[in-house]
Amino acid sequence: MASNNLPEENFEGGDFNFDDDGDDDQLVATNAGRKRLFSKELRCMMFGFGDDKNPYTETVDLLEDLVIEYIAETTHRAMEIGRTGRVQVEDIIFLVRKDPRKYARVKDLLTMNEELKKARKAFDEIKYVGNEGKLK
């Protein structure tokens, strides 16, 4: 392994003092009472991408904060496009149109959603016809 001339850092203590501009108080105030929504899913995704089976809680919390910030920011941007105050699928597509990976993923998810709707409808029709035959 190549040696770089940087000092080795030890982050195990967890005592960090960042006195840059005081944004930490705002971050703590907004996230302190919030229930973690995606912790389980993020842990599974992190493991799938090569992290430890049980990643540090702080890491998962940080990643969740980033995900929620991205979702909120994207939602606000989508509300400003198209019909003001409403988010529609077309607005999300418009926002991700220049990012090929995100655009392809959105298209895949929308296609899958349509296929699931059709499959549910076909299943319900078969189930309805089956129940109708039993009643006669």
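Residues numbered from 1 in each chain as written. Predicted model: local features only at pLDDT ≥ 70, side-chain atom pairs only at ≥ 80, totals over all residues. Heavy atoms only, no water.

Under the annotation held in an unreviewed UniProt entry, the protein carries the name Transcription initiation factor TFIID subunit 13 and is attributed to Drosophila ananassae. In its Subunit (unreviewed entry) section, the UniProt entry covering the protein states "Component of the TFIID basal transcription factor complex, composed of TATA-box-binding protein TBP, and a number of TBP-associated factors (TAFs), including TAF1, TAF2, TAF3, TAF4, TAF5, TAF6, TAF7, TAF8, TAF9, TAF10, TAF11, TAF12 and TAF13. Interacts with TBP, and more strongly with TAF10 and TAF11." As its UniProt record puts it under Sequence similarities (unreviewed entry), the protein is described as follows: "Belongs to the TAF13 family." (UniProt positions renumbered as here; feature names shortened; annotations may be inferred.)

With that out of the way, let us pick up helix 3 (residues 57–80). Taking 1.5 Å as the rise per residue, helix 3 with 24 residues should run 34 Å; its terminal C-alpha atoms sit 35 Å apart, in good agreement. Among the residues making up helix 3, those that are buried are Val60, Glu64, Asp65, Thr74 and Ala78. At the C-terminal side of helix 3, glycine 82 shows a positive phi close to 50°. (Helix = DSSP H or I, 4+ residues; strand = E, 2+ residues; numbered from the N terminus. Expected span 1.5 Å × (residues − 1). Buried < 20%, exposed > 50% of the residue type's maximum accessible area, 1.4 Å probe, protein only.)

The next thing to look at is the side chain of glutamate 64. Looking at the secondary structure, you find glutamate 64 in helix 3. Excluding anything up to four places from it in sequence, glutamate 64 contacts Arg34, Arg36, Leu37, Phe38, Ser39 and Leu42. (Contact = heavy atoms within 4.5 Å.)

Before going further, it helps to spend a moment on the packing of aromatic side chains. Aromatic rings considered in pairs are described by the distance between their centres and by the relative angle of their planes. The final tally for this structure, using the stated rule, is zero aromatic pairs. Positioned above the aromatic ring of phenylalanine 47 is the side chain of lysine 53, whose terminal nitrogen or guanidinium carbon lies 5.0 Å from the ring centre. (Phe/Tyr/Trp six-rings, centres within 6.5 Å; stacked < 30°, edge-to-face > 60°. Lys NZ or Arg CZ within 6 Å of the ring centre and 35° of its normal.)

Packing of helix 2 (residues 39–48) against helix 3 leaves a shortest axis separation of 10 Å and a crossing angle of 110°. When the interaxial angle is binned, helix 2 and helix 3 end up roughly perpendicular. Along its contact with helix 2, which presents Ser39, Leu42, Arg43 and Met46, the element helix 3 presents Thr57, Thr59, Val60, Leu63, Glu64 and Val67. Residue composition of the contact of helix 2 with helix 3, grouped by class: five nonpolar, three polar and two charged. (Axes fitted to C-alpha atoms, helices over the stretch in contact; angles between N-to-C directions. Parallel < 35°, antiparallel > 145°, perpendicular 65-115°, else oblique. Nonpolar A, V, L, I, M, F, W, Y, C, P; charged D, E, K, R; others polar.)

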